[in-house]
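Observations on the three-dimensional arrangement
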Amino acid sequence: MHFLDQAKIYLKSGGGGPGAVSFRREKYIQYGGPDGGKGGKGGDIIFEAVGGLNTLIDFRYSQHFKAPRGGHGMGRDRTGAGAKDLVVKVPVGTQVLSEDKEEVLADFTEVGQRIIFMEGGQGGRGNASYKSSTNRAPRQHQPGEPGEEAWVWLRLKLLADVGLVGLPNAGKSTFINAVSNAQAKVGHYAFTTLVPKLGVVRHKAREFVIADIPGLIAGAAEGAGIGDRFLGHIERCRVLIHLIDISGDDPAEAMRVVAEELEAYGAALEDKPQLIVLNKVDLADDELAEGFTEELKAAGADEVFVISGASGAGIEPLLDAVLGYLPDRTSTETKAAEVEELPENEDGDAGEWSPI
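Below is a summary of the structure that appears in this document. (Residues numbered from 1 in each chain as written. Predicted model: local features only at pLDDT ≥ 70, side-chain atom pairs only at ≥ 80, totals over all residues. Heavy atoms only, no water.)

**Here we look at the packing of aromatic side chains**
Condition: Any two rings among Phe, Tyr and Trp, with Trp reduced to its six-membered ring, count as a pair given centres within 6.5 Å; such a pair is stacked if its planes are under 30 degrees apart, edge-to-face if over 60, and tilted if neither. Helix numbers and strand numbers start at the N terminus; a helix is a DSSP run of H or I with at least 4 residues, a strand a run of E with at least 2. Any Lys NZ or Arg CZ found within 6 Å of a ring centre and within 35 degrees of that ring's normal is scored as a charge over the ring.
Tallied over the full model, the rule gives 4 aromatic pairs. Between Phe47 and Phe117, the aromatic rings sit 5.3 Å apart at their centres with planes inclined by 80 degrees, giving edge-to-face as the arrangement. Here the residue Phe47 occupies a position in strand β2 (residues 45–50), and Phe117 occupies one in strand β7 (residues 114–118), the gap between them amounting to 70 residues. Each member of the aromatic cluster is reached from another via a ring pair, and the members are Phe47, Phe108 and Phe117. Seen from the ring of Trp153, Lys101 lies directly overhead, with NZ or CZ sitting 4.0 Å from the centre. A cation sits over an aromatic face here: Arg125 above Tyr130, 4.1 Å from the ring centre.

**What about the sheet that holds strand β10 (residues 197–203)?**
Where we set the bar: Being paired, for any two strands, means DSSP has found at least two bridges between them. Axes, fitted as lines to C-alpha atoms, cover a helix only where it is in contact. Angles between the N-to-C directions of the axes lie from 0 to 180 degrees.
Read across the open sheet, the 6 strands follow the order β10-β11-β9-β12-β13-β14; overall the sheet is mixed. Looking at strand neighbours, the two that pair on one side only are β10 and β14 (304–306), the edges of this open sheet. Direction aside, the axes of adjacent strands within the sheet are offset by 30 degrees on average. In the sheet, strand β9 (residues 162–165) pairs with strand β11 (residues 206–212) via 3 bridges, with the strands oriented parallel.

**Considering the nonpolar core**
Side chains of a nonpolar character, in soluble globular proteins, are inclined to be buried together. Rules: As used in this record, nonpolar core signifies buried Ala, Val, Leu, Ile, Met, Phe, Trp, Tyr and Cys residues forming a set joined through side-chain atoms within 4.5 Å. Residue burial is assigned from relative accessible area. The probe radius is 1.4 Å, only protein chains are included, and a residue is buried under 20% of its type maximum, exposed over 50%, and partly exposed in between.
Membership of the largest hydrophobic core comes to 40 residues, with the highest contact counts inside it found for Ile9, Leu11, Phe47, Phe59, Val96, Leu154 and Ile234. The set of elements that each furnish at least two residues to this core consists of β1 (6–12), β2, β4 (86–91), β7, β8 (149–156), β11 and α3 (251–265). Of all hydrophobic cores here, the second largest spans 24 residues; its members include Phe175, Ala184, Ile210 and Ile307.

**Brief notes about the pairing of β11**
Of all 7 residues in β11, 6 are buried; the element is thus mostly enclosed. Hairpin connection between β10 and β11: a loop of 2 residues separates the two successive antiparallel strands, and Lys204 in this loop has a positive phi of roughly 50 degrees.

**Observations concerning the sheet that holds β8**
Here we have 5 strands laid out as an open sheet, ordered β3-β1-β8-β5-β6, and mixed in their pairing. The two strands at the open ends of the sheet, each matched to only one other strand, are β3 (64–66) and β6 (104–107). Across this sheet, the average inter-strand angle for adjacent strands is 30 degrees, counted without regard to direction. In this structure, β1 lies alongside β8, joined through 7 bridges in antiparallel fashion. Bridge pairing in β8 links Lys12 to Glu149.

The following block contains the structure:
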């Protein structure tokens, strides 16, 4: 499946149906009078967040969404049929922005969340509603209110509890493969990861989602490399894991470069808790690891974890530290089915299941 995290779409709610101009015509009834009914209401535009989606690729091929208009009013005081609402299904984490991207109009953070984004127009009045003592045969009617229309942007921010950041080739893909089911592509060249990856980590009876984004380089905020457009996917994370390649020339400089890019991006990313991690310890000896650890602490790191994503060394203490930043129940744990306990019998043992 192709990944797409931004899409521009056109929305138009349904217009109201026109009212009818009609007069009662029945045998033996001398003065029938007007009986034109009201038009039906137009369809609403509704956004709904659904599970199982993590891309906006569908909106690349379908960009115009128009709800149907209401039905015409009819004689015998019959109101036109109301139009069906148009439901636009989006992934959880989607934001709806104004056309100029300056205003967030809606934000979907939970499965099943629904918002009536545009209301359909009301149906027009039929001529029966204009009847009065001085206007016994009115021919006025209303055409129905028009629907709303607008171009909007959809922007997807993946929902993850933990975010991975670092320079290209810091070993983020290897790490996420080691701790989760992400199956990210691994390669010995820069920017192997071109789009964000999500994985579910299970550690000590807990579950949480981890996000791997493409590597950052100096000048990413100005568009260097892949740029910083994917940093939006870690805005909602509770903690960041900052991976640093121990085989690099200057780990302290690598930490500074990424920290500056997070600050340049804004959205308070630089204020999020960070776990500084020296990766690829399998390629170095203990003395080098200790030396780089002291350099990172001198550069501002409170604590440094030394791990190897390839061998798994040091990963468990790191995941233990991550658990300290998680809520009592993460989003994946909330969705997990709870096991219902069987009632105990008189002997104190769990009784057999019964549908009664």
